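Geometric and topological summary
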Amino acid sequence: MTIKTIGGLAASLILFVSMMSEAFANFDDGARYAFIASASSKSIFVIDLQEKSLAHTISLSKAPSSVTVSDRLQALVIGHEADRSLTLVDLSTSELRQIGYPLDLSPSTVEMSPVGETVAIFDKEAGVLEVHAFRRREVLLSVNNVRTESEFTFSTDGATIFWVDDSNGSFNAIDLWANRKSIKLAQPNAGLSAISRSIDGTVAFVSEASTGVVHMIDLSTFVPLRKVPVGARPGRPWGTADGRYMLVPNNGGRTLTAISTLSGESIYTVAAVDHPLFINPGWLDSIAAAVGESGQVAFIDIDDGSVTARYELDGAPLDGIVTSDSRTLAIPVPESGSLVFFDMRHQTRMSSIVGLPHDIGPAALAISNNLCH
Amino acid sequence: MHARKNSPISAIAAMRAQLILCALILCSPAHADDVVAGDFELLDHRRQSVTERSFDGKLRLVFFGFTRCPDVCPTTLFEVALVMRSLGDDASQVQPIFISIDREFDTPELLATYVAAFHPSMVGLTGSKRQLDAAAKSFNVTYGVEPASDSASGPDSVFHSSYLFLMDRQGGFLDVFGYGAKAEVIEARLREYF
């Protein structure tokens with residue numbers, strides 16, 4: 001009887017402790033947790049990248065259209081495009097407190113600045129771009145007549161935002177003091193990609209699909225430096241974190257081109273995957289994963305361009321993320337409701353998280369780069 | 001938010017920054033497991049010449065940065081300090097090493113004060129440009145220091161890789177931690193090698 005009582009007490013304590021640990025779980029470790037939105041389930045899935053498991057599900061009252069995360073604010077910023085609002089989730093508290101943040105625009109795009117305290121919000125239909133500082137609940141910048149089909153790119157200090165307008169072939173910038181610049185980069189509808197910048201923030205790289213080149217633009221003077229010929233219909237360049245290369249997926253074929261940032265020349269073009277969508281460098285920038293729209297994955301030795309391994313995903317992927325130790329690649333696959341993990345060091349497929357809704361979006365991770373400015 | 005306008009540096013200056021960067025990383029090993037050799041010959045914060053062999057017998061946690069760094073360097077070194085305190089007596093088996101890539105600003109004397117603020121056993125290293133370039137190349141680390149064009153344009157622009165390297169008792173590469181790795185993760189990995 002005594003043993004039974006103690007056993008019951010122990011069980012109660014274990015239950016209590018487990019409830020406490022659940023109640024006091026928080027997800028403010030910016031290198032460990034990634035977040036994925038699903039509109040149909042009105043949820044944000046919290047992914048533990050260390051354990052490669054689903055750590056928690058955050059239920060929302062409104063369908064999310066995007067999610068981004070700030071390590072500085074220890075907060076999630078969730079966009080509700082149809083509802084013209086954001087929800088901020090405080091990751092530093094066990095309650096994961098949600099705060100409504102009404103907007104005067106529909107957040108088609110929500111982009112976190114590298115400083116982590118301001119967010120660019122773009123209403124694609126209205127052509128309005130705003131920059132908000134959440135701590136002060138202040139609109140730092142509001143500008144009209146912005147047109148773009150692709151993502152925005154912040155300067156390294158977060159004070160300037162860059163974008164391309166493919167409809168008129170322009171490359172544009174605006175700073176927080178509303179100084180706006182624009183240069184013509186290409187003919188209208190030439191297929192300009194989103195912008196990637198060099199790690200020191202001085203040079204932008206933009207692909208032009210129609211002519212098969214990558215433009216290099218000096219961001220301090222706004223002067224085009226050169227055009228680098230690559231493959232057919234190149235997409236957005238992806239920079240290695242060590243700054244040596246820009247890796248360009250050539251969507252018109254099945255190749256990847258590496259551009260040396262030193263010489264501004266293409267170093268090699270390698271057969272990779274059909275219609276490469278994105279490229280994730282990893283393992284100390286020695287290996288890159290090229291991922292195609294049909295789910296092909298090819299690992300490439302960045303220095304010599306050789307293919308080291310190939311895999312097939314169970315469906316069309318979304319942009320992958322690499323952990324800050326450059327070791328793990330995670331790729332969402334909405335078609336199969338899964339998040340697939342790869343070991344970048346050994347180029348092997350690891351486990352998957354399955355059972356996610358089939359409308360999951362891209363994964364957001366607060367700390368994924370490995371360069372301090 | 002701290003924000004400043006970009007200084008109107010010329011295209012030549014911008015390309016020079018690229019050259020500073022790229023001069024360090026022209027040759028890099030071809031195989032993934034060989035990307036970090038971990039060799040160095042530098043000056044410690046007591047002005048003693050040291051190499052990777054000077055710490056033989058101890059595991060090492062090696063981080064490249066600079067003392068003026070506002071966030072990544074102090075955050076990472078703070079986690080390293082937490083690890084050292086948590087290790088207790090086992091801390092004697094681990095040598096934390098901070099290599100400053102800001103050689104013009106970070107004198108050995110300044111480094112001595114800086115590393116001591118984190119942990120008494122932490123060593124601060126610096127050296128000539130040639131020595132730092134060689135060390136960075138050996139660790140596959142990228143860095144660049146672009147002096148401010150004038151005093152009104154703000155501080156120097158400095159950037160560097162933010163990996164924390166775990167090296168074995170002879171200075172060979174064991175593992176790497178990304179920025180943001182917590183002390184308990186680092187400690188757990190370290191203890192696998194005790």
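Above this text you will find the structure in question.
Attention in this report is confined to the structure presented alongside it. (Residues numbered from 1 in each chain as written. Chains lettered and ligands numbered in written order. Predicted model: local features only at pLDDT ≥ 70, side-chain atom pairs only at ≥ 80, totals over all residues. Heavy atoms only, no water.)

**Considerations on the overall build of chain B**
A tally of helices and strands in chain B yields 5 helices and 9 strands. Listing the helices and strands of chain B from first to last along the sequence gives α-β-β-β-α-β-α-β-α-β-β-β-β-α. Looking at chain B residue by residue over its 194 residues, the buried ones come to 55%. Intrachain contacts of chain B at a sequence separation of at least 6 include 72% that bridge at least 24 residues. Split by element, the accessible area of chain B, about 8200 Å² in all, is 55% carbon and sulfur. (Helix = DSSP H or I, 4+ residues; strand = E, 2+ residues; numbered from the N terminus. Buried < 20%, exposed > 50% of the residue type's maximum accessible area, 1.4 Å probe, protein only. Contact = heavy atoms within 4.5 Å. Areas by Shrake-Rupley, 256 points an atom, 1.4 Å probe, with all protein chains shown as cover.)

**Describing the pairing of strand β6 (residues 85-90) of chain A**
Residue and element names in this part refer to chain A. Most of β6 sits inside the fold, with 6 of its 6 residues counted as buried. Along β6, one buried face is formed by Ser85, Thr87 and Val89 and the opposite face, lined by Leu86, Leu88 and Asp90, is buried too. Pairing analysis gives 6 bridges linking strand β5 (residues 75-80) to β6, with the strands arranged antiparallel. The partner of Ile78 across the bridge, within β6, is Thr87. In this antiparallel pair of consecutive strands, β5 and β6, the connection spans 4 residues, and Arg84 shows a positive phi of 50°. Here 5 bridges tie β6 to strand β7 (residues 98-102), and the two strands are oriented antiparallel to one another. Looking at β7, one finds that Val89 is bridged to Gln98. (Pairing = 2+ DSSP bridges.)

**Quick word on the side chain of A:Asp165**
All names here are of chain A. Within the element layout of this structure, Asp165 appears in strand β13 (residues 160-165). Assessed through its relative accessible area of 7%, Asp165 is described here as buried. Those residues within four positions of Asp165 in sequence are excluded, and the remaining contacts are Arg147, Ser170 and Asn172.

**So, the packing of aromatic side chains**
Per the counting criterion, the structure on display carries 18 aromatic pairs over all chains. Judged by centre distance (4.9 Å) and plane angle (85°), the rings of A:Tyr101 and A:Phe134 are edge-to-face. Taken together, the residues A:Tyr101 in strand β7 and A:Phe134 in the loop between β10 (128-133) and β11 (138-143) connect sequence positions 33 residues apart. Summarising the aromatic geometry, the rings of B:Phe40 and B:Phe55 are spaced 6.4 Å apart at their centres and angled 45° between planes, so their arrangement reads as tilted. Here the residue B:Phe40 occupies a position in the loop between α1 (11-23) and β1 (41-44), and B:Phe55 occupies one in the loop between β2 (49-51) and β3 (59-65), the gap between them amounting to 15 residues. A residue is classified by how much of its surface remains accessible, and B:Phe40, at 7% relative accessible area, is buried. Taking relative accessible area as the criterion, B:Phe55 reaches 10% and is therefore assigned buried. Joined through ring pairs, the aromatic side chains of B:Phe40, B:Phe55, B:Phe64, B:Phe139, B:Tyr163 and B:Phe165 make up one cluster. (Phe/Tyr/Trp six-rings, centres within 6.5 Å; stacked < 30°, edge-to-face > 60°.)

**Section: the pattern of salt bridges**
Residues and elements named next belong to chain A. In the structure shown here, the tally under the stated rule is 24 salt bridges over all chains. Across the salt bridge formed by Arg236 and Glu151, the nearest N and O atoms sit 3.7 Å from each other. You can see Arg236 sitting in the loop between β19 (223-229) and β20 (238-239) and its partner Glu151 sitting in the loop between β11 and β12 (153-154), a full 85 residues away along the chain. Residue classification places Arg236 among the partly exposed positions, given a relative accessible area of 26%. (Salt bridge = Lys/Arg side-chain N within 4 Å of Asp/Glu carboxyl O.)

**Notes on the sheet that holds β13(A)**
Residues and elements named next belong to chain A. What the 4 strands build is an open sheet, ordered β12-β13-β14-β15; its pairing is antiparallel. Among the strands making up the open sheet, the edge pair consists of β12 and β15 (180-184). Where β13 meets strand β14 (residues 170-175), 6 bridges bridge the pair, whose relative direction is antiparallel. If you follow Phe162 over to β14, its bridge partner there is Ala173.

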